[in-house]
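Structural description and commentary
Below, each chain spelled out in residue letters.
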Amino acid sequence: MSFFKLLIRNRLAFAGLIVMGLVLALVIATPILPLYEPNVTDTANRFLKPFEGGHILGTDHLGRDLLSRLLWGTQLSLAVGISAAVFAAFFGAAIGIVAGYFGGTTDNVIMRGVDMLMAFPYILLALAIVAALGPGLVNALIAVAAVNIPFFARNIRGVTVGIAHKEFVDAARLAGESHLKIILTEIVPNVIPVIVIAMSTTIGWMILETAGLSFLGLGSQPPQADLGSMLGEARSALITNPHTSVVPGVMILIIVMAINLLGDGVRDALDPRLRSGALTRPRPATLVEREGPVPAPVESGTLVLTDLQTQFRVGERVYKAVSHVSLHVAPGECLGVIGESGSGKSVTALSIMGLVASPPGVIVGGSAIYDGTELIGAPYSKLRSYRGDKVAYIFQDPLATLHPLYTVGDQLCEAIRVHHSVSKAEAWTRAVELLKQVRIPNAEGRAKVYPHEMSGGMRQRVGIAMALANDPDVIIADEPTTALDVTVQAQILALLNDLRRERGLSIIFITHDFGVVAQLCDRVAVMYAGRIVETGPTQEVLDDAAHPYTRRLIACVPELGEGRRELHAIPGLPPAVDRLPAGCAFAPRCDKAQTLCQVGVIELEGGASRKVRCLYPETDIAGMAKPVAQVPELKKGAGA
Ligand SMILES: Nc1ncnc2c1ncn2[C@@H]1O[C@H](COP(=O)(O)OP(=O)(O)OP(=O)(O)O)[C@@H](O)[C@H]1O
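About the cut-offs
Residues numbered from 1 in each chain as written. Predicted model: local features only at pLDDT ≥ 70, side-chain atom pairs only at ≥ 80, totals over all residues. Helix = DSSP H or I, 4+ residues; strand = E, 2+ residues; numbered from the N terminus. Buried ≥ 20, exposed ≤ 12 C-beta atoms within 10 Å, placed from the backbone. Contact = placed C-beta atoms within 7 Å. Near = placed C-beta within 6 Å. Nonpolar A, V, L, I, M, F, W, Y, C, P; charged D, E, K, R; others polar. Core = buried A, V, L, I, M, F, W, Y, C linked by C-beta atoms within 7 Å. Axes fitted to C-alpha atoms, helices over the stretch in contact; angles between N-to-C directions. Parallel < 35°, antiparallel > 145°, perpendicular 65-115°, else oblique. Left-handed = near helix turned anticlockwise from the far one by under 90°. Pairing = 2+ DSSP bridges. Expected span 1.5 Å × (residues − 1). Arc of directions from axis to C-beta. pLDDT = per-residue confidence, 0-100.

An unreviewed UniProt entry lists the protein chain under the name Peptide ABC transporter permease, from Primorskyibacter flagellatus.

Listed below in structure tokens is the structure:
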């Protein structure tokens, strides 16, 4: 959505925009409006009330027209405030970028200087600057800009430090680019949105500061009017002729309010995290809005999913990420869930414990039964007591899920103590025990290190230890080995395999690698565009896949020692889940697709153990109904 659309969707920001638009239109038109001269005195007509003697807002203590002075004064105040903001942003950002980019001593020297400036009360600093330079609007502008430079410098330095060590900056350095070029082409474009956001939220403040200096007689000098000096001059008549103070006061209020509302709107519209709703506080459990009755489970097991449907509602769009997914896993069993990126594996896994962020996620139907208890729509307190205790997750990147500021031992202790009231010492002993169980050498010592001090494989073992901390019955592992090299991956898979055999754990293992499924999983469910397209015992599916998609996925797995086997990539891309085609979602990429494949719903059919969602499977599966009529084969690329 465009920046402007996002901005006007925010009603308060839109109101601010309109008010500021009106004020700006007025001050731009001031020179051509039929106004009195702002500085011409007429002492015979001092302190006229509004609408007296043809003066719409009355006159001040020297009989000058208040409306005229107000408009000219507003023009001046806005010009000074905005110029001060631009100066402060320019110099502050330059200082922040240099400090953040070069780091080390440069950073230390610059930032300590900035800290010293920040330690002065700002008004004292501004007064000192104006005292040194002499009163006057230009000097007030310099003072206001100078006192705000540290604010920009600190903000931009923080952002730059985060960017300066990103891979794309390292790549530019390795390519031999000069510091200046890297700063201008790699750093500046990334900090500009932050500068604009900081400016939009501080312009109002700078207008106030300028008015403050003028109020004290240090800004605009008589007879020239700005909003602050008008207030200052009206101070002595505050009680007798309040309109002389109210007029500039109300204008300052209107301008600063409008700029602040607009600034907040600009910030929200420019910040990509806010734009995607990432900072909106999600509900503690995924919103459940059932569109039908709770389906009765047909399978049995520790965890049984039936007809699960999860959607993302973003504006007008509905993304059907998970459509009618049924899965079950028995004690000691490992079920693999496999599919391309975006097929809905993670959303299925997260829906079970209500971990899909709402908004925008909504579970619209289905059931997830753990040990006889319905989890979909269960009260948050129940879900919370089960999370980590009965059903635990292992995620792909433990560095993202482990807290960087606590040792791994402390984090394990915390995970244990959330669900069990044990002493810190007992929890620590158990934490060390868990690290031993996941075969971390020197577990006592390793418990005291921070996540960043461990290798990727070791961290993932900590992730597994965290999942095991409360002896859960089900572990949902979401691509836990994707980021690891093959030897470490093999060790982690062997570890999970041993654990499920020793402890009778049920594992749902999410992956996009059939090689991993073959090593670990008893059964496999293949997902495509939010649906299960085939399910069955791993070996049977591997030996004789029924769905053309499963076949193509298996054909994508490279095999060592198999000579020069050709790898067949699947042509095309999975469909967007907000525009799913009718019939089989894989049909547009399938060379076996026929017209019937693109009409109506295709059910997951078959016997108790093997099922496929295909009208023309690659192999016969017991219990499947045949399609009514064979229709001519579709031309590739025809229809959706
Ligand atoms: N916040 C969101 N808003 C809109 N759509 C979303 C959101 N989160 C996920 N989706 C969509 O839901 C679908 C399923 O995503 P999911 O993360 O479950 O895929 P996945 O199979 O686990 O992929 P990967 O292997 O890359 O993790 C995708 O099409 C994705 O675009």
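Still more to cover.
Regarding its fold elements, the protein chain presents 22 helices and 13 strands. Across the 640 residues in the protein chain, those meeting the buried criterion constitute 43%. The long-range fraction of contacts in the protein chain, counting pairs at least 24 apart against all pairs at least 6 apart in sequence, stands at 66%.

What follows deals with the site of the ligand. In the vicinity of the ligand, 15 residues are found, and the nearest of them are F312, A321, S341, S346 and V347. Breaking the shell around the ligand down by element, the ones donating at least two residues are β2 (303-314), β3 (317-329) and α12 (345-352). Considering every element that reaches the shell around the ligand, the biggest residue donor is α12, with three residues. Class assignment for the residues of the shell around the ligand results in seven nonpolar, seven polar and one charged.

Attention now goes to the nonpolar core. With 102 residues, the main nonpolar core has L412, A465 and V526 as its most contacted residues. Ranked by residues supplied to this core, first place goes to helix α18 (residues 456-468) with seven residues. The contacts of A465, once residues within four sequence positions are left out, are L412, L434, L435, Q437 and V438. Counting residues in each nonpolar core, the second largest holds 67 residues, with L70, A198, L213 and V247 among its members.

Here we come to the packing of helix α8 (residues 179-215) against helix α9 (residues 227-234). Look at α8 against α9: their axes get within 7 Å of each other, and the N-to-C directions meet at 40°. With respect to their mutual orientation, α8 and α9 come out oblique. Both α8 and α9 take part in a crossing whose hand is right-handed. Here α8 contributes T210, A211, G212, L213, S214 and F215 to the contact with α9, which in turn contributes L227, G228, S229, L231 and G232.

To continue, consider the pairing of strand β5 (residues 361-370). Among the ten residues that make up β5, nine are buried, leaving the element largely enclosed by the rest of the structure. When strand β1 (residues 287-288) meets β5, the two strands line up parallel, connected through two bridges. Counted as the bridge partner of V288 is I363 from β5. Two elements, β2 and β5, share eight bridges in a ladder whose sense is antiparallel. Along β5, the bridge assignment pairs Q309 with G365. With two bridges connecting them, β5 and strand β6 (residues 373-374) associate as antiparallel partners. Within β6, the position partnered with I369 by the bridge is E374. Hairpin connection of β5 to β6: two residues between the antiparallel strands, including D371 at a positive phi of 45°.

The end-to-end C-alpha separation of helix α19 (residues 486-503) is 25 Å, in line with the 26 Å expected for 18 residues at 1.5 Å each. Along α19, the residues that are buried comprise Q489, I492, L493, L496 and R500. The buried residues of α19 occupy an angular sector of 100° when projected down its axis, which confines them to one face. For α19, exposure combined with an orientation more than 90 degrees from the buried face picks out T487, D498, R501 and E502. The secondary structure elements touched by the buried residues of α19 are β4 (334-338), α18, β8 (474-478), β9 (506-511) and α20 (514-520). Positive phi shows up at G504, right after α19, with a value of about 70°.

The next point concerns the confidence of the model for the protein chain. The predicted model of the protein chain averages 88 in pLDDT, with 94% of residues at 70 or higher. Predicted confidence for residues 629-640 stays below pLDDT 50, and this span has twelve contacts to residues more than four positions away or in other chains. Here the prediction assigns the complex a pTM of 0.69, and the interface score ipTM is 0.95.

To continue, consider the sheet that holds β4. Pairing in this open sheet of eight strands is mixed, and the strands run β7-β8-β9-β4-β10-β11-β13-β12 from one edge to the other. Two strands in the sheet have a free side with no partner beyond their single neighbour: β7 (391-394) and β12 (605-606). The sheet contact formed by strand β10 (residues 523-528) and strand β11 (residues 531-537) spans six bridges and is antiparallel. Among the inter-strand pairings, Y528 is bridged to a residue of β11, identified as R531.

Looking now at unusual backbone geometry. Note that the residue after P222, namely P223, is joined by a cis bond; omega there is 5°. By secondary structure assignment, the location of P223 is in the loop between α8 and α9. The omega angle of the peptide bond from P359 to P360 is 10°, so this bond is cis rather than trans. You can see P360 is positioned in the loop between α12 and β5. A positive phi angle is found at H324, which is not glycine, with a value near 50°. Structurally, the position occupied by H324 is in strand β3. Phi angles above zero are rare outside glycine, and R439 is one such case at about 60°. You can see R439 is positioned in the loop between α16 (424-437) and α17 (443-446).

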